[in-house]
Amino acid sequence: MDEVTIKVEGMTCGGCVRSVTGVLKGLPGVEDAQVSLEAREARVSFDPARVTVDSMRAAVENAGFDAPA
Ligand code: 9UX
């Protein structure tokens, strides 16, 4: 299992945090996601054979947030 921290901009409340967490955890290959509103980032544990960091960013963007590289 690999771990990556991705930037997540645009979250303004705990509901946003839950949304981003759910979006990330819904991706096959994502084992866990810890999202911080204050730090504006998500720490994700994932299987690199099943999911890419780019697809995580795309999923966050599709949910209405920004995930800058
Ligand atoms: Mo809070 Mo975030 O009411 O999309 S859930 S602003």
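This is a predicted model, so every value here is computed, not measured.

Student: Just checking my understanding: could you explain the site of the ligand for this structure?
Tutor: Close to the ligand lie Thr12, Cys13, Gly15, Cys16 and Phe65, which account for all nearby residues. Residues that form the shell around the ligand fall into these classes: three nonpolar, two polar and no charged.

Student: I keep staring at the sheet that holds strand β2 (residues 30-36) and nothing clicks. Help me out?
Tutor: Think of a sheet as strands paired side by side through backbone hydrogen bonds, with each pair either parallel or antiparallel. In space, the three strands of this open sheet follow the order β1-β3-β2, with antiparallel pairing throughout. At either end of the open sheet lies a strand with only one pairing partner, and these are β1 (2-7) and β2. Shown here is a sheet whose adjacent strand axes are inclined to one another by a mean of 15°, direction ignored. Summarising the sheet, β1 and strand β3 (residues 41-46) pair through six bridges and their orientation is antiparallel. Directly across from Lys7, in β3, lies its bridge partner Glu41.

Student: Would you mind showing me how to read the pattern of salt bridges here?
Tutor: Note that side chains of opposite charge can pair when their charged atoms are close. Taken as a whole and judged by the stated rule, the model has three salt bridges. With a shortest N-O distance of 3.5 Å, Asp32 and Lys25 are connected by a salt bridge. With relative accessibility at 25%, the residue Asp32 sits in the partly exposed group. A relative accessible area of 43% places Lys25 in the partly exposed class. One salt bridge in this structure joins Asp54 and Arg57, with 3.2 Å as the shortest N-O distance. Taken together, the positions of Asp54 and Arg57, both in helix α2 (residues 53-62) and three residues apart, correspond to about one turn of that helix. Here Arg57 falls in the partly exposed class, since its relative accessible area comes to 22%.

Student: Sorry, what's going on with the nonpolar core here?
Tutor: Considering soluble globular proteins, one finds that nonpolar side chains tend to be buried as a cluster. Leu24, Val44 and Met56 are the most contacted members of the largest nonpolar core, which has 21 residues in total. Breaking this core down by element, the ones donating at least two residues are β1, α1 (14-25), β2, β3 and α2. At four residues, α1 tops the list of elements feeding residues into this core. When sequence neighbours within four positions are dropped, the list of residues in contact with Val44 reads Asp2, Glu3, Val4, Leu24, Val30, Asp32, Ala33 and Met56.

Conventions used here
- Residues numbered from 1 in each chain as written.
- Predicted model: local features only at pLDDT ≥ 70, side-chain atom pairs only at ≥ 80, totals over all residues.
- Heavy atoms only, no water.
- Near = heavy atom within 4 Å.
- Nonpolar A, V, L, I, M, F, W, Y, C, P; charged D, E, K, R; others polar.
- Pairing = 2+ DSSP bridges.
- Helix = DSSP H or I, 4+ residues; strand = E, 2+ residues; numbered from the N terminus.
- Axes fitted to C-alpha atoms, helices over the stretch in contact; angles between N-to-C directions.
- Salt bridge = Lys/Arg side-chain N within 4 Å of Asp/Glu carboxyl O.
- Buried < 20%, exposed > 50% of the residue type's maximum accessible area, 1.4 Å probe, protein only.
- Core = buried A, V, L, I, M, F, W, Y, C linked by side-chain atoms within 4.5 Å.
- Contact = heavy atoms within 4.5 Å.

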